Amino acid sequence: LAEGRNVYHNIPDLMDIKTVKKLLKSLGAEIEETVPLTIDTTRISNCEASYDLVKTMRASILVLGPLVARLGEARVSLPGGCAIGARPVNLHIKALQDLGAEVDLKDGYVEAKARRLKGTTIYFDISTVTGTENIMMAACLAEGTTVLKNAAREPEVVNLADVLNGMGARITGAGGDEIRIEGVSRLEPAEATVIPDRIEAGTFMVAAAITRGELKLVNCQLDDMMAVVDKLRNVGVTVEPTADGCVVAGTDHLHPTDVTTQPYPGFPTDLQAQLMALLALAEGNSVVIEKIFPDRFMHVAELNRMAADLRKEGPAVIVAGVKNLVAAPVMASDLRASAALVLAGLAAEGTTIINRVYHIDRGYERIEERLNPLGAQIFREDAPAP
């Protein structure tokens, strides 16, 4: 969106970050592999994001709005990502059209053109995080005022709005369901800090709970995770706030609970699989309902291989708690399923072998190096990713 040198703090070393770097380089950015990370976007000139780069990560679609806003055109491959069900980009396309862009689908690519986008009022049929982010970025350089109704309220949307405002954008309302963007003629490069990952934090909370252990989490923003904290406390896990995070302690007697995934501030879909692994050991029956991605249950069969008692019923899974999980060879289907199987392996009797674990490196920075010093015994056997 802006020419110049951008500086980013708190960037994790993830496969998805490496994909984003490759994508930005292909567009003409120059990246210095330093800490903090420096990206020079002065020479952004290529408007195409190719299939080879976009196929592994759905968030690649986020270059669509900024490219149209800055260069007047974009050609972005329809994205890939985890196998967790349909995640169409029709909301992005419709919103760009509302802003005055001409949009076509050709040969698996989204092609969009606009001399300058025009501000308008946009209503999202369903809450969409990447859709809100994409159009919020594009609208920063649009002519006039754009209002996003039924906007996503996630903390990551707020963080992005704060960064854009630091670049000279005029955005108000982020964190609510209506965001207002007053278009400006240009933005300045950013120096920004990425907020802590609440999904990683939640995964480590479940790690403490499922092993009946105790963890202190530092730089963890509990205010962004109250739905998760509430469910953990419901099952008997202790979560005590500290000055810069929290202390989580497990229990010998896990209580069952029901959970329904919802857009923020509800329980996040990205922690559904991890919580299910925990509920598999609760003393009673729980129900997990997936409202965001109804097909996001590929981990169910794998957890059942480890002696869990899970039964899928449409968009819900009935979880009958068992006393113990038992090690087995299992296969990871997506990023969060990988994490759930690692957690289940920590609690299971015997040695669990998780195949296709390369998924986990998309969203967790060397997870075994984080957990092994705490008493875990996780060994990575190198295998080529597809």
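We now turn to the structure provided with this report. Quick caveat, the model's predicted, so the values are computed rather than measured.

Reading guide: rules and limits
- Residues numbered from 1 in each chain as written.
- Predicted model: local features only at pLDDT ≥ 70, side-chain atom pairs only at ≥ 80, totals over all residues.
- Heavy atoms only, no water.
- Salt bridge = Lys/Arg side-chain N within 4 Å of Asp/Glu carboxyl O.
- Helix = DSSP H or I, 4+ residues; strand = E, 2+ residues; numbered from the N terminus.
- Buried < 20%, exposed > 50% of the residue type's maximum accessible area, 1.4 Å probe, protein only.
- Pairing = 2+ DSSP bridges.
- Expected span 1.5 Å × (residues − 1).
- Contact = heavy atoms within 4.5 Å.
- Phe/Tyr/Trp six-rings, centres within 6.5 Å; stacked < 30°, edge-to-face > 60°.
- Lys NZ or Arg CZ within 6 Å of the ring centre and 35° of its normal.
- Axes fitted to C-alpha atoms, helices over the stretch in contact; angles between N-to-C directions.
- Parallel < 35°, antiparallel > 145°, perpendicular 65-115°, else oblique.
- Nonpolar A, V, L, I, M, F, W, Y, C, P; charged D, E, K, R; others polar.

## Some details on the pattern of salt bridges
Overall, the coordinates contain 24 salt bridges when judged by the stated rule. One salt bridge in this structure joins E3 and R70, with 4.0 Å as the shortest N-O distance. Placement of E3 in the segment before β1 (5–9) and of R70 in helix α3 (residues 64–71) is noted, with a sequence separation of 67 residues between them. The residue K149 makes a salt bridge to E178 at a minimum N-O spacing of 2.7 Å. You can see K149 sitting in strand β9 (residues 145–149) and its partner E178 sitting in strand β11 (residues 178–182), a full 29 residues away along the chain. The class of E178 is partly exposed, set by a relative accessible area of 39%. One continuous salt-bridge network, built from bridges that share partners, spans D13, K18, E200, E365, R366, E369 and R370.

## A word on the pairing of β1
Pairing geometry for β1 and strand β3 (residues 37–40), over four bridges, is antiparallel. Along β3, the bridge assignment pairs V7 with T38. Both β1 and strand β12 (residues 191–193) contribute to a ladder of three bridges, which runs parallel. Across the sheet, V7 pairs through a bridge with E191, a residue of β12.

## A short note on helix α1 (residues 15–27)
With 13 residues, α1 should cover 18 Å at 1.5 Å per step; its first-to-last C-alpha distance of 19 Å lies within 8% of that length. Those residues of α1 that fall on the buried side of the exposure criterion are D16, T19, K21, L23 and L27. Contacts made by the buried residues of α1 are with β2 (30–32), β3, β4 (48–49), α2 (51–54) and α3. Looking one or two places after α1, you find G28, whose phi comes out positive at around 120°.

## Describing helix α6 (residues 155–166)
Because each turn of an α-helix spans 3.6 residues, side chains separated by three or four positions in sequence point in the same direction. The end-to-end C-alpha distance of α6, which contains twelve residues, comes to 17 Å, matching closely the 16 Å that a straight helix rising 1.5 Å per residue would cover. Burial in α6 covers these residues: P155, V157, N159, L160, A161, V163 and L164. Backbone geometry just after α6 places G168 at a positive phi near 110°.

## A look at the packing of aromatic side chains
With the rule as written, the count across this model stands at zero aromatic pairs. When the ring centre of Y109 is taken as reference, the NZ or CZ atom of R75 above it lies at 3.9 Å.

## Looking at the packing of α3 against helix α5 (residues 129–140)
Their axes nearest at 7 Å, the elements α3 and α5 cross at an angle of 10°. The orientation of α3 relative to α5 falls into the category roughly parallel. Where α3 approaches α5, its residues L64, G65, P66 and A69 are matched on the opposing element by N134, M137 and A138. Among the residues forming the contact of α3 with α5, the class breakdown is five nonpolar, two polar and no charged.

## Some words on the environment of E143
Here E143 lies in the loop between α5 and β9. As for E143 and L164, which are separated by 21 residues in sequence, their C-alpha atoms are 16 Å apart. Discounting chain neighbours no more than four positions away, the residues touching E143 are R116, L117, K118 and G119.

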